[in-house]
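This is what each chain is made of:
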Amino acid sequence: MTTFTKAWWKEEVIYQIYPRSFKDSTGDGIGDLRGIISKLDYITDLGVDIIWLSPIYQSPNDDNGYDISDYYSIHPEFGTMADFDELLAGLHKRGMRLIMDVVFNHSSDEHKWFEVSRSSKDNEYRDYYFWRKGKEGAPPNNWKSFFGGSAWEYDERTEEYYLHLFTKRQPDLNWENPAVRKSIYEILRFWLDKGIDGFRMDVIPLISKRLEFEDSPYEALNDTIEHIYSNGPKVHQYINEMYEKVLQDYDIMTVGEGPGISKEVGLAYVGHDRGELNMIFHLDHMFLGHGPLGKFDPVDYSWKDIKRLFQEWDTAMGESGWISIFLDNHDFPRLVSRFGNDKEYHIESAKLLALMILTLRGTPCIYQGSELGMTNVCFDYIAEYRDVETINYHKEFIDRGLTTGQFLKLVHEHGRDNARTPMQWNSSDHAGFSKGQPWINVNPNYITINAAEVLADTDSIFYFYKEMLLYRKSHKTLIYGSYEELVQPSENLFAYKREDADHEFLIIMNHSDTIVHFDIDVRDFSLEIQNISNKMSQVLLPWEARMYLRN
Ligand code: TEU
């Protein structure tokens, strides 16, 4: 049995909003805060608790807001600080919470810190960033950006290179510098004192650099991410200092986004006694399929890998740590397209994945539109894509001899814009997202996949999420209970138990297009939730999911 410490951020469910694509109130084609405010009743009706807002700060949008040029102001395209205050009050009034997305591994190159830093070699902000001489006219080392190309950019003015693990317009901040850390803590306090409920910390394991800046010996980008970029020598010192100096003073939750955090080092970030973060979004299951050159260089994987990773992470966390459970976000393909079957079994598989997210052990995180069954998009032209990662890799793959048509096929399956097409509210123009031309085209399937449709259908994905969210709230075993996978003869089955002293839940799912028999004895159990009506006792239809309860 478990002796988990109780916490609201373990019991509640996160709903991620990517503001740019959620709801536009002004007709400029860009989602905004007043658009979100107009949908607060919709969000409340779904039954989620914590809203994670992707960045809304001043930004040139080289990486859609993950390149911040002023941490203290709201980007005018999203609205005003008064709009933000109204949104926060609106959420709190409805018993919900708000966590902000903070990006402190890097700033925008338009941040005043960087503008001054690059202007000369001896100013107060020079060491807010990493500046190094090149080697015989080449960058200081062979580090690659997450988004293609070198991780170093040469700056003529001072004839040195600066480090950017992402785009060249996202220069990495130097956490070695106490002044940088002090500036960051002031920013955290500013938002906390406005009454927010926590932070999602972008790429937090990257903030401590291996200052020798030696070449990476690894061929695969993900190996370099894990062993060179992430988990640096002072990463825990910095996060613990942030906790000691700011975070511990508030009743908040923090979730770190963890590229490169393996199950072996996970507890160091989220152990209850660590004084660091409450939980992490580890990316092991999300990076499955990324080949040596990254996501657009795909390799095979299976559900066997997914189930193994969930078990390994649950074992690694034990009763001392905590993770969030998610299957997509703004950086990854839509979960029903990637892990489900968005064609023949669209609704069934979307519901199965919902049951999975809401019954595995961890804080569930639902990405906007999952409750509608929104799918990947297949734009015909590369010009329709907006994501800087896609645009950069397109150039790289063309240089490597691939055709645009070949690259487009990879983007259809793996690109981040799959998750960034506008929310599909109804079947009117632009899916009811905007009165103007959206910043990115709407998925053409909005005619049939949209909120108006699902809200009118009591058997829809939306109401399945709503039912599961309600059920989970009143059954704490699904939160604090132990987790144990029940390995089955069929590779198409995912079965596990959630148990505490009072209840035992049994979840059995068929993640395939074929019928599957299971031999678990369920005679002492009551069938609580089922995503497909099927009376056969030991047989699951394609993408059928069941949750049983033994009292
Ligand atoms: O993502 C970091 C990260 O790990 C993802 O970029 C992921 O590795 C990649 O998209 C997979 O191809 C965070 C933000 O979530 C992302 O939107 C930003 O682009 C990135 O950091 C830089 O801030």
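Residues numbered from 1 in each chain as written. Predicted model: local features only at pLDDT ≥ 70, side-chain atom pairs only at ≥ 80, totals over all residues. Heavy atoms only, no water.

(A) Focus on the overall build of the protein chain. A tally of helices and strands in the protein chain yields 17 helices and 20 strands. Against the globule reference of 24 Å for 551 residues, the protein chain gives a C-alpha radius of gyration of 23 Å, in line with a compact fold. When contacts within the protein chain are restricted to residue pairs at least 6 apart in sequence, those whose partners lie at least 24 apart make up 70%. For the protein chain, the accessible area works out to roughly 20,400 Å², and carbon and sulfur atoms hold 50% of it. Where the 57 positive side-chain charges of the protein chain centre and where its 88 negative ones centre are 2 Å apart. (Helix = DSSP H or I, 4+ residues; strand = E, 2+ residues; numbered from the N terminus. Rg over C-alpha atoms; globule rule 2.2 N^0.38 Å. Contact = heavy atoms within 4.5 Å. Areas by Shrake-Rupley, 256 points an atom, 1.4 Å probe, with all protein chains shown as cover. Lys, Arg positive; Asp, Glu negative; His and termini not counted. Charge placed at Lys NZ, Arg CZ, Asp CG, Glu CD.)

(B) Geometry of helix H4 (residues 81-93). The first and last C-alpha atoms of H4 sit 18 Å apart over 13 residues, in line with the 18 Å expected at 1.5 Å per residue. For H4, the complete set of buried residues consists of Asp-83, Phe-84, Leu-87, Leu-88, Gly-90 and Leu-91. Down the axis of H4, the buried side of the element spans an arc of 160°, and every buried residue falls inside it. Set apart from the buried face of H4 by more than 90 degrees, the exposed residues are Ala-82 and Lys-93. On its buried side, H4 packs onto helix H2 (33-37), helix H3 (40-46), strand S2 (50-53), strand S4 (70-74), strand S5 (97-102) and helix H6 (178-192). Following H4 by one or two positions, Gly-95 adopts a phi angle in the positive range, close to 75°. (Expected span 1.5 Å × (residues − 1). Buried < 20%, exposed > 50% of the residue type's maximum accessible area, 1.4 Å probe, protein only. Arc of directions from axis to C-beta.)

(C) Representation of the site of the ligand within the structure. Surveying the vicinity of the ligand reveals 20 residues, the closest of which are Asp-63, Asp-202, Lys-295, Asp-331 and Glu-389. Within the side chain of Arg-200, a nitrogen or oxygen atom sits 2.9 Å from an oxygen atom of the ligand. One of the side-chain N or O atoms of Arg-416 is found 2.8 Å from an oxygen atom in the ligand. A total of 480 Å² of accessible area belongs to the ligand in isolation, and the protein chains cover 98% of it. Judged by its atoms lying within 2 Å of the grid points, the ligand is housed in the largest cavity. Class assignment for the residues of the shell around the ligand results in eight nonpolar, three polar and nine charged. (Near = heavy atom within 4 Å. Polar contact = N/O pair within 3.5 Å; in protein donor to acceptor, adjacent residues only side chain to side chain. 1 Å grid on protein atoms, 1.4 Å probe; cavity = no way out; pocket = protein on both sides within 12 Å on 5 of 7 lines; lining within 4 Å. Sits in = over half its atoms within 2 Å of the grid points. Nonpolar A, V, L, I, M, F, W, Y, C, P; charged D, E, K, R; others polar.)

(D) Expanded view of empty space enclosed by the protein. If you walk through the whole model with that rule in mind, you get four cavities of 30 Å³ or more. Here the largest cavity is characterised by a volume of approximately 350 Å³. When contributions to the lining of the largest cavity are tallied by element, the ones reaching two or more residues are helix H7 (221-229) and helix H13 (388-399). When the residues that make up the lining of the largest cavity are grouped by side-chain class, the tally is 13 nonpolar, six polar and eight charged. (Points joined across faces, edges and corners; volume = space filled by probe spheres on them.)

(E) Spatial organisation of the domain arrangement of the protein chain. Here the domain parsing of the protein chain yields domain 1 (9-107 + 178-463), domain 2 (112-163) and domain 3 (482-550). Inter-centroid distance (C-alpha atoms) of domain 2 to domain 3 is 55 Å. (Domains from an automatic or database assignment.)

(F) Here's a closer look at the sheet that holds strand S15 (residues 493-499). The sheet built from five strands is open, its strands ordered S14-S15-S16-S20-S18 with antiparallel pairing. Of all strands in the sheet, those with a lone pairing partner are strand S14 (482-485) and strand S18 (526-530), marking the two edges. With direction set aside, neighbouring strand axes in the sheet form an average angle of 20°. Across four bridges, S18 lies against strand S20 (residues 545-550) in antiparallel orientation. (Pairing = 2+ DSSP bridges. Axes fitted to C-alpha atoms, helices over the stretch in contact; angles between N-to-C directions.)

(G) Molecular detail of the nonpolar core. The biggest cluster of nonpolar side chains holds 166 residues, and the ones touching the most others in it are Tyr-15, Ile-43, Phe-84, Leu-188, Phe-199 and Met-356. Contact partners of Ile-43, with chain neighbours within four places excluded, come to Ile-17, Phe-22, Ile-36, Val-48, Ile-51 and Met-96. Grouped together as the second largest cluster of nonpolar side chains are 12 residues, Leu-486, Leu-493, Leu-506 and Ile-508 included. (Core = buried A, V, L, I, M, F, W, Y, C linked by side-chain atoms within 4.5 Å.)

(H) Representation of the layout of surface pockets within the structure. Here the largest pocket is characterised by a volume of approximately 580 Å³. Together, 32 residues line the largest pocket, and Tyr-301, Ser-337, Arg-338, Phe-339 and Glu-413 are the ones closest to its centre. Among the elements of the structure, helix H10 (303-317), helix H11 (335-338) and helix H14 (404-414) are those that each provide at least two residues to the lining of the largest pocket. With three residues, the single largest contributor to the lining of the largest pocket is H14. The residue inventory of the lining of the largest pocket, partitioned by class, reads 13 nonpolar, 13 polar and six charged. Per-domain counts for the lining of the largest pocket show at least three residues from each of domain 1 (9-107 + 178-463) and domain 3 (482-550).

(I) Geometry of the packing of helix H12 (residues 346-357) against helix H16 (residues 461-473). Direction vectors running N to C along H12 and H16 enclose 20°, while the axes themselves pass 10 Å from each other. In terms of their interaxial angle, H12 and H16 are classed as roughly parallel. Between H12 and H16 the crossing geometry is right-handed. Of the residues in H16, those touching H12 at His-346, Ile-347, Ala-350, Lys-351, Ala-354 and Leu-355 are Ile-461, Phe-464, Tyr-465 and Met-468. (Parallel < 35°, antiparallel > 145°, perpendicular 65-115°, else oblique. Left-handed = near helix turned anticlockwise from the far one by under 90°.)

(J) Expanded view of the packing of aromatic side chains. By the definition in use, this model includes 38 aromatic pairs. Here Tyr-42 and Phe-462 contribute two aromatic rings whose centre-to-centre distance is 5.5 Å and whose plane-to-plane angle is 40°, an arrangement assigned as tilted. In this pair, Tyr-42 sits in helix H3 while Phe-462 sits in helix H16, placing the two residues 420 residues apart along the sequence. Summarising the burial analysis for this pair, Tyr-42 and Phe-462 share the class buried. (Phe/Tyr/Trp six-rings, centres within 6.5 Å; stacked < 30°, edge-to-face > 60°.)

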